[in-house]
Amino acid sequence: VTSVLAALPLLALFYWSLTKPSRLGLPFIAMAGLLQDVLLSTPFGLSAILWLVFRLLILTQRKQILGQGFVVAWVSCAVMMFVVLGLQCMAVGYNTGYRVALAPVMMQWSISVLLYPVTHAVLTRIERRFYRKYWHILKHA
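All values derive from a computational prediction rather than experimental measurement.

Draft legend 1. Region of the structure containing the side chain of T42. Looking at where T42 falls in the secondary structure, it is placed in the loop between helix 2 (26-40) and helix 3 (46-65). A distance of 2.6 Å separates the side chain of T42 from the side chain of D37, its partner in a polar contact. If we skip the residues at most four places from it in the chain, T42 touches Q36, D37 and S47.

Below you can see the structure in the form of structure tokens.
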């Protein structure tokens with residue numbers, strides 16, 4: 001069931017790692033990945049490792065993506081998510097000893113890619129309204 005849902009955590013991770021990487025520390029990303037593994041019964045530590053790899057991919061390409069426009073960010077997100085979801089598919093298959101069907105993984109990737117513009121718009125709005133007003137308070141908490 002979860003394989004056909006959008007990978008919203010990856011979309012948010014992409015957006016924040018691209019726009020404000022200092023707001024998402026590596027320990028937070030790892031803990032959120034571990035929490036997802038517990039909630040979705042995936043191999044413990046898999047999401048944490050893959051999310052950290054995703055973050056590394058984003059940070060290595062960040063300078064080339066920034067300033068190139070929304071479409072470049074969208075395509076970059078799609079390519080990087082394809083890599084991470086493919087690695088997840090292979091890791092789950094290896095861990096279980098069964099082949100993982102590619103159709104649900106491709107469906108998850110497609111839905112996620114299609115939802116990126118909405119996610120980007122929502123997170124940009126949150127950035128403009130919330131963080132600019134209250135980030136100084138959160139930073140010192």
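Next comes the rest of the description.
Draft legend 2. Expanded view of the packing of helix 1 (residues 8-19) against helix 3. Closest axis-to-axis distance for the helix 1/helix 3 pair is 9 Å, and the angle between their directions is 40°. Overall, the two elements helix 1 and helix 3 adopt an arrangement that is oblique. Pair helix 1 / helix 3 crosses with right-handed handedness. Here P9, L10, L13, F14, S17, L18 and T19 of helix 1 come into contact with helix 3, specifically with W51, F54, R55, I58, L59, R62 and I65. Looking at the contact of helix 1 with helix 3 residue by residue, the classes come out as 10 nonpolar, two polar and two charged.

Draft legend 3. Here's a closer look at the packing of helix 2 against helix 3. Where helix 2 contacts helix 3, the axes come no closer than 7 Å and their chain directions differ by 140°. With respect to helix 3, the element helix 2 is oriented oblique. You can see that helix 2 and helix 3 cross each other, and the crossing is right-handed. The residues of helix 3 that touch helix 2, namely those facing L26, I29, A30, A32, G33, L34, Q36 and D37, are L46, S47, A48, W51, L52 and R55. The residue inventory of the contact of helix 2 with helix 3, partitioned by class, reads nine nonpolar, three polar and two charged.

So, how was this worked out
- The numbers attached to residues start from 1 for each chain and follow its sequence in the written order.
- Only residues with pLDDT of at least 70 get local features here, since the model is predicted, and only at 80 or more are side-chain atom pairs given and counted; chain-wide, interface and lining totals rely on the full set of residues.
- Heavy atoms from the whole structure form the basis of all side-chain values; hydrogens and water molecules are not counted.
- Note on conventions: DSSP H or I runs of at least 4 residues are helices, E runs of at least 2 residues are strands, and numbering of each starts at the N terminus.
- In the analysis that follows, any N or O atom pair within 3.5 Å is treated as a polar contact, provided that within protein one partner can donate a hydrogen and the other can accept it, and provided that, for residues neighboring in sequence, both atoms belong to side chains.
- Only heavy atoms matter for contacts: two residues are in contact if any of them lie within 4.5 Å across the pair.
- Structural elements are reduced to axes, namely lines fitted to C-alpha atoms, with helices fitted over the stretch in contact, and the angle between N-to-C directions of any two is expressed from 0 to 180 degrees.
- Comment on the angle field: the value is read as roughly parallel under 35 degrees, roughly antiparallel over 145, roughly perpendicular from 65 to 115, and oblique elsewhere.
- Crossing handedness is defined as follows: a turn of the near helix away from the far one that is anticlockwise and smaller than a right angle gives a left-handed crossing, while the clockwise case is right-handed.
- In this classification, the charged set is Asp, Glu, Lys and Arg, the nonpolar set is Ala, Val, Leu, Ile, Met, Phe, Trp, Tyr, Cys and Pro, and all remaining amino acids, among them Gly, are polar.

The values reported here are purely geometric and, on their own, carry no functional implication.
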